[in-house]
Amino acid sequence: MFHIVFYHPEIPGNTGNAVRMVACAGATLHLVEPLGFDLEDAKLRRAGLDYHDLAVLRVHPNLHAAWEAIRPERVIAFTVSAERRYDTVDYHPGDVLLFGPESVGLPADVLDAGQVSTQVRIPMVPGPRSMNVANSAAIATFEAWRQQGFATP
C-alpha cells in the first residue's frame, strides 16, 4: 500500500519499531544504506518483537537503487524545515513516505532531488529539535492509511 523509506537509519530500536508498525499497517519498509546497525542487532529484533516475519522489509545500497526498485510516482519527504503540514496531503496508495537519519534529518541534496514531490512536517510545540523517526513514520503512515479508509492490501 505505502512505502516507508528510512534514509541512513541510525538507531536499531527505531527501525525495529518501524518493522512492527509496517507489519500492522500493510506497508513496506525500505532501509537505505549505510545503516547505523547490523540487521541482526538484538535491539532491532527486540523492538520488532516477533513481527519480522510479518513485515515486508527491503534494504537498498543507496537511494538511487531504492528509487529503481520502488519506481515511485510520488515521494513525500518529512522534514522539520517544511512549511506544509503532513495532514494537508491527499495520500495515494503507492506513495513513498521518506524519513531521514535520527541525528540530522534528510540532507538538502535528497530534499532538492527530482524524486521528492513535496516536503511536509509534523507539527510540534516550540523547543524540541525533532520527533522520534519511528513515531513520525507511524503518524504519517496511519494518516495516509486513514485516508484510504484503512483498506487492507
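A few points on the structure. The structure displayed is predicted, hence computed values, not measured ones.

Rules behind the numbers
Residues numbered from 1 in each chain as written. Predicted model: local features only at pLDDT ≥ 70, side-chain atom pairs only at ≥ 80, totals over all residues. Heavy atoms only, no water. Phe/Tyr/Trp six-rings, centres within 6.5 Å; stacked < 30°, edge-to-face > 60°. Helix = DSSP H or I, 4+ residues; strand = E, 2+ residues; numbered from the N terminus. Buried < 20%, exposed > 50% of the residue type's maximum accessible area, 1.4 Å probe, protein only. Pairing = 2+ DSSP bridges. Axes fitted to C-alpha atoms, helices over the stretch in contact; angles between N-to-C directions. Contact = heavy atoms within 4.5 Å.

Digging into the packing of aromatic side chains
Logical step 1: Summed over all chains, the structure comprises four aromatic pairs.
Logical step 2: Between Phe142 and Trp145, the ring centres sit 5.4 Å apart and the planes meet at 70°, which makes this aromatic pair edge-to-face. A residue pair is termed a helical-turn pair when its members lie 3 or 4 positions apart in one helix, as Phe142 and Trp145 do in helix H5 (residues 133–147) at three residues.
Logical step 3: Given the relative accessible area of 32%, Phe142 is considered partly exposed.
Logical step 4: On the basis of an interplanar angle of 80° and a centroid distance of 5.0 Å, the ring pair of Trp145 and Phe150 is categorised as edge-to-face.
Logical step 5: Accessibility expressed as a relative area gives 40% for Phe150, which makes it partly exposed.

Comments concerning the sheet that holds strand E4 (residues 75–78)
Logical step 1: One open sheet accounts for six strands, arranged E3-E2-E1-E5-E4-E6; its pairing is parallel. Where the open sheet ends on each side, the last strands, each with one partner, are strand E3 (56–60) and strand E6 (118–120). Strand-to-strand twist across the sheet, computed as the mean angle between neighbouring axes with direction ignored, equals 25°.
Logical step 2: Of the strand pairs in this sheet, strand E1 (residues 3–7) and strand E5 (residues 96–99) are connected by four bridges, and their pairing is parallel. Pairing of Phe6 across the sheet is with Phe99, part of E5.
Logical step 3: Contacts from helix H1 (residues 12–25) reach E1, strand E2 (28–32) and E3, with the element oriented near 155° to E2.
Logical step 4: Lying over the sheet, helix H3 (residues 63–70) contacts E1, E2, E3, E4 and E5, oriented at roughly 170° with respect to E1.

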